[in-house]
Amino acid sequence: MFVSGTKLGSSRIRLMKAFVIHSSFRDFQVKQFLLQLFFFMALFFGCRQKSPGDASMSETRIRMSKISHEVLTYYQGKNDTLGYNSAVFLFNNIYGLGAIDATTGKHIADGDILSSSYLIDNIDNALKFSRGKIQEGTLSFANFCEYILPYRLASELLIPWRDECQKRFNTYTSAIDHKKAILEINQQLRVGFEYNLNATNANFQTWKQLSASKKGDCWAMAYSAIYPMRALGIPVTVDYVPRWGNVNGGSHAWNVLINQNNSCTPFVGCESVDFKLNPLKIYYQTRIPGKVFRKIFSKNQLICAINQSSNAIPTSFNTDPQITDVTDQYVQTENFIFFSPRLKGQAYAYICVYSNGDWIPVHAGKVDGSECLFEKMPTGVLFIVGLPVKKRLRPISAPFVLSDNKESQTFFQPNGRSFIDVEVYYTEPKIIDEQKVFHLGVSGDAFYQTMDSVNADTKRSRPIPDTGYKLHFYNNGWKFHSRANAENNKKLVFKNVPANTLYKLTTDSPTGRERMFGYLNGNQIWF
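Residues numbered from 1 in each chain as written. Predicted model: local features only at pLDDT ≥ 70, side-chain atom pairs only at ≥ 80, totals over all residues. Heavy atoms only, no water.

Caption draft 1: Focus on the sheet that holds strand S6 (residues 252-258). A sheet is described by the order of its strands in space; here five strands give the open sequence S7-S6-S5-S8-S9, paired in antiparallel fashion. The outermost strands of the open sheet, each flanked by one partner alone, are strand S7 (264-267) and strand S9 (323-325). Along the sheet, successive strands turn relative to each other by an average axial angle of 35 degrees, direction set aside. Across the sheet, helix H11 (residues 218-231) is in contact with strand S5 (236-241), S6, S7 and strand S8 (293-295); its angle to S5 comes to roughly 160 degrees. (Pairing = 2+ DSSP bridges. Helix = DSSP H or I, 4+ residues; strand = E, 2+ residues; numbered from the N terminus. Axes fitted to C-alpha atoms, helices over the stretch in contact; angles between N-to-C directions. Contact = heavy atoms within 4.5 Å.)

Caption draft 2: Expanded view of helix H4 (residues 81-93). In a regular helix each residue adds 1.5 Å, so 13 residues correspond to 18 Å; H4 covers 19 Å between its end C-alpha atoms and thus fits that length. Within H4, burial applies to Leu 82, Gly 83, Tyr 84, Asn 85, Ser 86, Ala 87, Val 88, Phe 89, Leu 90, Phe 91, Asn 92 and Asn 93. With a side-chain oxygen positioned 3.3 Å from the backbone nitrogen of Leu 82, the residue opening H4 is Asp 80. (Expected span 1.5 Å × (residues − 1). Buried < 20%, exposed > 50% of the residue type's maximum accessible area, 1.4 Å probe, protein only. Polar contact = N/O pair within 3.5 Å; in protein donor to acceptor, adjacent residues only side chain to side chain.)

Caption draft 3: Looking closely at unusual backbone geometry. Positive phi is not limited to glycine here, since Cys 270 has a value of about 65 degrees. Here Cys 270 is to be found in the loop between S7 and S8.

Caption draft 4: Region of interest: a nonpolar patch on the surface. Taken together, Ile 337, Phe 339 and Leu 373 make up a surface patch of nonpolar side chains, about 290 Å² in accessible area. As for its position among the elements, Phe 339 is in strand S10 (residues 333-339). (Patch = residues over 30% accessible without salt bridge, like charges linked within 9 Å, V, L, I, M, F, W, Y side chains within 5 Å. Areas by Shrake-Rupley, 256 points an atom, 1.4 Å probe, with all protein chains shown as cover. Salt bridge = Lys/Arg side-chain N within 4 Å of Asp/Glu carboxyl O.)

Caption draft 5: Spotlight on the pattern of salt bridges. Enumeration according to the criterion identifies 16 salt bridges in this entry. Notably, a salt bridge pairs Asp 328 with Lys 376, separated by 3.7 Å at the nearest N-O pair. Residue Asp 328 is located in the loop between S9 and S10, and its partner Lys 376 is located in strand S13 (residues 371-378); the two are separated by 48 residues in the primary sequence. On the accessibility criterion, Asp 328 (40% relative accessible area) is partly exposed.

Caption draft 6: Broad picture of the packing of aromatic side chains. With the rule as written, the count across this model stands at 29 aromatic pairs. Geometrically, the ring pair formed by Phe 169 and Trp 207 is tilted, given 6.4 Å between the ring centres and 55 degrees between the ring planes. Of this pair, Phe 169 sits in the loop between helix H8 (161-168) and helix H9 (178-189) while Trp 207 sits in helix H10 (residues 207-213), and the two are 38 residues apart along the sequence. Each member of the pair Phe 169 and Trp 207 is classed as buried. For the pair Trp 254 and Tyr 330, a centre-to-centre distance of 5.5 Å together with 75 degrees between the ring planes defines the contact as edge-to-face. Of the two residues, Trp 254 sits in strand S6 while Tyr 330 sits in the loop between S9 and S10, which places them 76 residues apart along the sequence. Classification of Trp 254 by relative accessible area gives buried; the value is 1%. Residue classification places Tyr 330 among the buried positions, given a relative accessible area of 18%. Of the aromatic side chains, those joined through ring pairs into one cluster are Phe 336, Phe 338, Phe 374, Phe 383, Phe 400 and Phe 411. Geometry around Phe 275 places Lys 179 over its ring, the cationic atom sitting 5.4 Å from the centre. Here the guanidinium or amino end of Arg 460 rests over the ring plane of Tyr 426, the centre of that ring lying 4.1 Å away. (Phe/Tyr/Trp six-rings, centres within 6.5 Å; stacked < 30°, edge-to-face > 60°. Lys NZ or Arg CZ within 6 Å of the ring centre and 35° of its normal.)

Caption draft 7: Region of the structure containing helix H12 (residues 301-308). A large share of H12 lies buried, amounting to seven of its eight residues. Of all the residues in H12, the buried ones are Gln 301, Leu 302, Ile 303, Cys 304, Ala 305, Ile 306 and Asn 307.

Caption draft 8: Examining the sheet that holds strand S20 (residues 478-485) more closely. Here we have five strands laid out as an open sheet, ordered S20-S19-S22-S23-S24, and antiparallel in their pairing. Unpaired on one side and paired on the other, S20 and strand S24 (523-526) mark the two borders of the sheet. For this sheet, the mean angle separating the axes of adjacent strands, direction not counted, is 35 degrees. Bridge analysis of strand S19 (residues 468-474) against S20 gives seven bridges, and the strand direction is antiparallel. Residue pairing across strands places Leu 471 opposite Ser 482, the latter belonging to S20.

Caption draft 9: Inspection of the confidence of the model for the protein at higher detail. Residues at a pLDDT of 70 or more form 87% of the protein, whose mean pLDDT is 88. Here residues 36-45 is a poorly scored stretch, pLDDT under 50, and it has 25 contacts once near neighbours within four places are set aside; other chains count. Low pLDDT (under 50) marks residues 49-53, which in the prediction has two contacts with non-local residues, meaning those over four places away or in another chain. (pLDDT = per-residue confidence, 0-100.)

As structure tokens, then:
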């Protein structure tokens, strides 16, 4: 978790911890007063984006205060410490959550639709399969709160999904080994499921809608698995990549089982489960993530602070503050400190990868004077640093790659004095040629042979005869250098090209998805 570092944020976090670890109901009235105080602090200063409707929020605050009182009084009356602390956790993170109507796009705040009975039912149902595990120490209360207790996954309408899932999958009990239960549940979920990129966004679908439609993308597959597994007390969530570092494309999600020792086991919902899954692997080649985030229920304080700034850029990582950074669980990472006088006076800076022809933010850091720390950044990925200017990104660095040695970074910046001849043998990186095989319609031996041929460089994307190609080099943006045709059907040659920078090859009809490459010792180094 990232913490904003403000005095108010630190106080709120210390108070939250005090509630979570308190195991006695003595002085209950004092605790309840403090919780109400904390709750109103969260409502006024919590993780949210500024909204023109803030003036109308007082009724929601009063309503949520009443609900919190009813729920906490209920568990105090039962002398139920776990139920009480579970409710505290939910109330500490509830502000800003809500549903989005998939038809109208209207946001419906949870504070306007939740009831004390819904929350009590959710907590009791969650504890039904988890209470014994928490008490015996095989499930931590923290993991229960993040990966079993939450009453919603994203922006779906609220329904009694735990009851529905427990009725459908009632043959699986908390006594069953988690991995065995996942295998058997997934076996049911995958029957008739259709991978479909045009289906309704999974973030707006309830469990009932997902299970009825049985179609969607990787997010729909992951969410379809989470509902029944959490309903049965299995700590499961979603890990996802907002953008890749070495290929194009949008986000990609998969499931993870959170193990007792806090390690994770990746798998894919609605598919046959392989607990040796590497979600970054294509076939021979491996995608490198710009970042990997994990869906949790508590709030990421850095993202909350960014979203409250007046110049925040909506990106694939900060639209959801309920995430934590787990990049280092998948790839080699380093903490990177970027220095620049252009950072002075700025609150936050963004770090970006190149995808689909543009620089896309994948994370941010808090600026301290002339420097900014970016944590857990994957090595071997091409980045730039940018600042938000009128809600748009303005790059302030040359492209660079982090090495495995945190003291070493390679910046790509031509000096205007060094020039080279660039020989181009391939128009696409090998990893993209591998991706293309999946769309050729081949299977069986033909599929494996094609993959082998790509890996051996005998079936690669090469310059097409009688086709003109343009070379561009990077120098504070893309600059056109020259045009060439393939020589002897083998290669393109561009002479007197600025050295020490990045290059991009296009035809007369660019797609916007061309990948860039460096050039070292006569070889293309793809990013």
